[in-house]
Amino acid sequence: MSITSNNLTTPTTPTAQEIQARLAKKFPNLSTGTTIPEVEFIPTGYVGFDYLLGGGLPKGRLIEIIGATGSSKSTLALSMLAALTRQQKIVYICDSENSIERSYLERAGVDLNYAVIRNTTSLNDALEFYHTVLSEPETYNPGGFLFDTVKGFQPNAATTKLQNDAESALMASAARVWSTHHGMLVDLAAHSGAVTICCNHIMTSLSPYGSPVSKPGGGTIPQVASLSLHIKGKGKKLDDDLKGMGPDYRGIMSVDIVVDKSRFGTFGRSITADLTPTGYDNLTTLIRLCKAAGIIRATGAWYQIELPEGPHKCQGLAATHQYFSERPDLVADLTKTILSSPTNLG
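Let me sum up the structure you'll find in this document. Remember, it's a predicted structure, so these values are computed and weren't measured experimentally.

## Thoughts on the overall build of the protein
Looking only at helices and strands, the protein features 13 helices and 18 strands. Within the protein, the proportion of its 346 residues that are buried is 44%. Look at the contacts in the protein between residues 6 or more apart in sequence, and 64% of them connect residues 24 or more apart. Entry remark: accessible area of the protein is about 17700 Å², with carbon and sulfur atoms responsible for 51%.

Structural data, given as structure tokens:
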């Protein structure tokens, strides 16, 4: 189509919809305009996780959780995936360390009726399991899939033809296998709508050459992941602010969780999360985020909460925690306010 003016013909610029119509026969899966899909997020019920993730677990996407040994990577992954079991979706767990047991899942909030565990150290077997359950979502009802941990999965000797078990050789061979299955990881996650989580180690290299740190699996997992969460453990401690809050707070692990990569606008966000024997404490994280947002003002031992009806003061974190625990409607409103904030509060 063209516009004629003063005997001059000026071609019009085709719209994206017109281009889509022209290419539809050869490329039927094109999206444009309102047909471009949006990511659906599944709230986890924990304000800290949803703040980092951009609203919740992104359906059909991959998440990488990285950290040193013992930094609670598995606990973080299971605590997030527990939300899927509450929706009666099956969570599949490939455990390379044979360390996930019933009580561990229960403490993380996982409904055991919707959890399937496979213990294997074979990377090829783990990837085949992933392909089987995610390629037929109507049959296997996958809500999430966890590789825990990437370092523990090694290629089949028959496939890699390794002549020795040197760690560097195994890691290089494993990286090649992950790279070969790059497309499968992305396509099956999108096809099934399942959330895929890979727990990955941060490893320190003693070599004077190359990067001082490395991650098993090579560059494939960081490339395909929509989100990378980095856990920085502080170790067990008894914070003065947490004294008096009961036995669950005497020996907690307080960890910093930082977003190293995000396709959902949350890059650089961070929280300090308190992991108690009964799981992550939602209210202490909410209180910290409210302080960062200016909703709570701390002066000495006093916490002043800015409410529509006027400020309310509590003496100490324990009293503030108790005040929140007795007001679920207030917690819901503050959570909504925090999650709708366009800025990084951490």
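Still more ground to cover, so stick around.
## As for the packing of helix 11 (residues 282-293) against helix 13 (residues 328-339)
At their nearest, the axes of helix 11 and helix 13 sit 10 Å apart, and the two run at 55° to each other. When the axis of helix 11 is compared with that of helix 13, the two are oblique. For the crossing formed where helix 11 meets helix 13, the hand is left-handed. Along the contact surface, helix 11 presents Leu283, Leu286, Leu289, Cys290 and Ala293, while helix 13 presents Val331, Leu334, Thr335 and Ile338. Each residue belonging to the contact of helix 11 with helix 13 can be placed in one class, and the counts come to 8 nonpolar, 1 polar and no charged.

## Structural notes on unusual backbone geometry
Following Asp148, the chain continues into Thr149 via a peptide bond in cis, with omega recorded as -10°. The topology assignment puts Thr149 in the loop between strand 8 (142-148) and helix 7 (157-160). Here Gln88, not a glycine, exhibits a phi torsion of approximately 60°, which is positive. Summarising the element assignment, Gln88 is placed in the loop between helix 3 (73-86) and strand 6 (90-95). Look at Asn98: it is not a glycine, yet its phi comes out positive at around 50°. With respect to the helices and strands, Asn98 occurs in the loop between strand 6 and helix 4 (102-107).

## Looking at the side chain of Thr44
Within the element layout of this structure, Thr44 appears in the loop between strand 3 (41-42) and helix 2 (47-53). A polar atom in the side chain of Thr44 sits 3.2 Å from the backbone nitrogen of Tyr46. Ignoring any residue separated from it by four or fewer positions in sequence, one finds Thr44 in contact with Phe49, Asp50, Leu53, Leu57, Met80, Ala83 and Arg86.

## Points about the pairing of strand 6
Burial runs high along strand 6: 6 of the 6 residues are buried. Both faces of strand 6 are covered, namely the face carrying Ile90, Tyr92 and Cys94 and the face carrying Val91, Ile93 and Asp95. Taken together, the 6 bridges between strand 6 and strand 8 define a ladder with parallel strand orientation. Paired with Tyr92 across the two strands is Phe145, which belongs to strand 8. Here strand 6 runs beside strand 7 (residues 115-119); their pairing, made up of 5 bridges, is parallel.

## Side note on the pairing of strand 13 (residues 252-262)
Burial within strand 13 is extensive, with 8 of its 11 residues counted as buried. Alignment of strand 13 against strand 14 (residues 270-276), held across 6 bridges, turns out to be antiparallel. Residue pairing across strands places Val255 opposite Ala273, the latter belonging to strand 14.

## Some words on the packing of helix 11 against helix 12 (residues 316-325)
Following both chains from N to C, one finds helix 11 and helix 12 inclined at 110°, their axes separated by 10 Å at the closest point. As far as their axial angle goes, helix 12 and helix 11 are roughly perpendicular. Counted together, Leu283, Thr284, Leu286 and Ile287 of helix 11 and Leu317, Thr320, His321, Phe324 and Ser325 of helix 12 form the full contact between these two elements. In terms of residue class, the contact of helix 11 with helix 12 is made up of 5 nonpolar, 4 polar and no charged.

## Here's the deal with the pattern of salt bridges
According to the stated counting rule, one finds 5 salt bridges in the structure shown. Across the salt bridge formed by Glu40 and Lys59, the nearest N and O atoms sit 3.7 Å from each other. You can see Glu40 sitting in the loop between helix 1 (16-23) and strand 3 and its partner Lys59 sitting in the loop between strand 4 (57-58) and strand 5 (62-67), a full 19 residues away along the chain. Salt-bridge contacts for Arg118 lead to Asp125; the nearest nitrogen and oxygen are separated by 2.8 Å.

Parameters and conventions
Residues numbered from 1 in each chain as written. Predicted model: local features only at pLDDT ≥ 70, side-chain atom pairs only at ≥ 80, totals over all residues. Heavy atoms only, no water. Helix = DSSP H or I, 4+ residues; strand = E, 2+ residues; numbered from the N terminus. Buried < 20%, exposed > 50% of the residue type's maximum accessible area, 1.4 Å probe, protein only. Contact = heavy atoms within 4.5 Å. Areas by Shrake-Rupley, 256 points an atom, 1.4 Å probe, with all protein chains shown as cover. Axes fitted to C-alpha atoms, helices over the stretch in contact; angles between N-to-C directions. Parallel < 35°, antiparallel > 145°, perpendicular 65-115°, else oblique. Left-handed = near helix turned anticlockwise from the far one by under 90°. Nonpolar A, V, L, I, M, F, W, Y, C, P; charged D, E, K, R; others polar. Polar contact = N/O pair within 3.5 Å; in protein donor to acceptor, adjacent residues only side chain to side chain. Pairing = 2+ DSSP bridges. Salt bridge = Lys/Arg side-chain N within 4 Å of Asp/Glu carboxyl O.

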